[in-house]
Amino acid sequence: MSDGNHNEIFKFTEACKVGVPVIDAEHEHLFEFMNNVIASFYDENRDNISLEEYIEVLFDYGKHHFQHEEEYMKKINDPELEHQLKAHKKFVEKISAINLHDLGDPEKDALTIHLIEFCLKWLYDHILYSDIIIGKMRHLADTAVEVTDETGTHLVYCPFEDKYRTGDPVRDEEYKVIFELLNKTYTMLKNNHSEDDYDAEKAVLDDLAVHCIYHYANQEKALHDARYPDYDAHVRAHCAFLDRLDERDDAEGMPDQRKFLVELLDYLYTWITYHITHMDKHADEFLQQYEEDKKNGKKKFVF
Ligand SMILES: [Fe+2]
Ligand SMILES: [Fe+2]
């Protein structure tokens, strides 16, 4: 919206699918309601009553959706429930502080635009950051395999398996480093008996952040140049991962730093494996096809 394209419709794409039909259907409805609000706000013959009704419907539906999602997570004993409860609560508190009933008043247009932009960003980011891994949490403690190399036999907690390969050797090497750094941090945590000094682990996570910023920037540039249709969602997904990784700095203030870091690593591991096998696979196939077509002189990708 900030680029002035007021008629833009925000699409619920494959990238936003959680894989739980009820949740996906509700997310799709939220996108639909969001688009109704935007269309109604920018309508030349704006009807303020309809706009206010659309806004009300969006938030009522949103609150019900949060409730359903939380119930589902409780039922499956999802370890991310606490995170989700906090995020949903924060969102509802922010919206509840605004009087939604008179946003049709043209004098309040600046506030309505702010509200729409905030909701769009929040909805996209929240789905790609948190909802996407509902029911999929993988624990590094459960995924260890014994590996023998020149240094001896040791446990690797998140091996870089063939299913994560994209076929692009440079990109695969970059992905591999992410797995190695996660494994290194987890191994250090397992061997750390000091109970309160986790600076060395956090330093490895700093390296991971630097590596991911570099890796994501490379991929985003290639996707942008190739005019990848799902570019926006892909970039937002990367930002979501980096935001969560930034939480490593909060570990110090936690009553149980070790538990906090283990949960953070489990999240990062779950998220990255899901992202590679779903979003990156698509993106990299698209890029390979784009390069192939470029080589053959085909001009296919005009949007
Ligand atoms: Fe959620
Ligand atoms: Fe959700």
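Residues numbered from 1 in each chain as written. Chains lettered and ligands numbered in written order. Predicted model: local features only at pLDDT ≥ 70, side-chain atom pairs only at ≥ 80, totals over all residues.

**Some thoughts on unusual backbone geometry**
Part 1 of the argument: Look at Asn 77: it is not a glycine, yet its phi comes out positive at around 60 degrees.
Part 2 of the argument: With respect to the helices, strands and loops of the structure, Asn 77 is situated in the loop between helix H2 (48-75) and helix H3 (81-96).
Part 3 of the argument: One non-glycine residue, Arg 227, lies in the positive phi region at around 55 degrees.
Part 4 of the argument: Note on Arg 227: 12 C-beta atoms within 10 Å, which makes it exposed. (Helix = DSSP H or I, 4+ residues; strand = E, 2+ residues; numbered from the N terminus. Buried ≥ 20, exposed ≤ 12 C-beta atoms within 10 Å, placed from the backbone.)

**A few points about the packing of helix H4 (residues 109-129) against helix H7 (residues 231-245)**
Part 1 of the argument: Here H4 crosses H7 at 70 degrees, and the two axes come no closer than 9 Å. Put simply, H4 runs roughly perpendicular to H7. Between H4 and H7 lies a crossing whose hand is right-handed. Contacts between H4 and H7 pair Tyr 124, Asp 125, Leu 128 and Tyr 129 from the former with Ala 233, Arg 236, Ala 237, Ala 240, Asp 243 and Arg 244 from the latter.
Part 2 of the argument: Counted by class, the contact of H4 with H7 contains six nonpolar, no polar and four charged residues. (Axes fitted to C-alpha atoms, helices over the stretch in contact; angles between N-to-C directions. Parallel < 35°, antiparallel > 145°, perpendicular 65-115°, else oblique. Left-handed = near helix turned anticlockwise from the far one by under 90°. Contact = placed C-beta atoms within 7 Å. Nonpolar A, V, L, I, M, F, W, Y, C, P; charged D, E, K, R; others polar.)

**Notes on the nonpolar core**
Part 1 of the argument: Formed by 50 residues in total, the largest nonpolar core has its most connected members in Val 37, Leu 128, Ile 178 and Leu 182.
Part 2 of the argument: Those elements that provide at least two residues to this core are helix H1 (21-42), H2, H4, helix H5 (169-191), helix H6 (199-225), H7 and helix H8 (257-295).
Part 3 of the argument: The leading source of residues in this core is H8, at eight residues.
Part 4 of the argument: The two domains that each donate at least three residues to this core are domain 1 (14-133) and domain 2 (140-295).
Part 5 of the argument: Filtering out sequence-adjacent residues up to four positions away, Ile 178 remains in contact with Leu 208, His 211, Cys 212 and Ile 272. (Core = buried A, V, L, I, M, F, W, Y, C linked by C-beta atoms within 7 Å. Domains from an automatic or database assignment.)

**Looking at H8**
Residues that lie three or four places apart on an α-helix share one face, since the helix turns once every 3.6 residues.
Part 1 of the argument: At Asp 280, H8 is bent by approximately 45 degrees, the largest bend along its length.
Part 2 of the argument: Once H8 ends, the next one or two residues include Gly 297, with phi positive near 75 degrees. (Bend = angle between axes of the 7 residues up to and from the residue.)

**Regarding H5**
Part 1 of the argument: Compared with an ideal rise of 1.5 Å per residue, which puts 23 residues at 33 Å, H5 spans 33 Å between its outermost C-alpha atoms and is within 8% of the ideal.
Part 2 of the argument: Contacts from the buried residues of H5 go to strand S2 (152-156), H6 and H8. (Expected span 1.5 Å × (residues − 1).)

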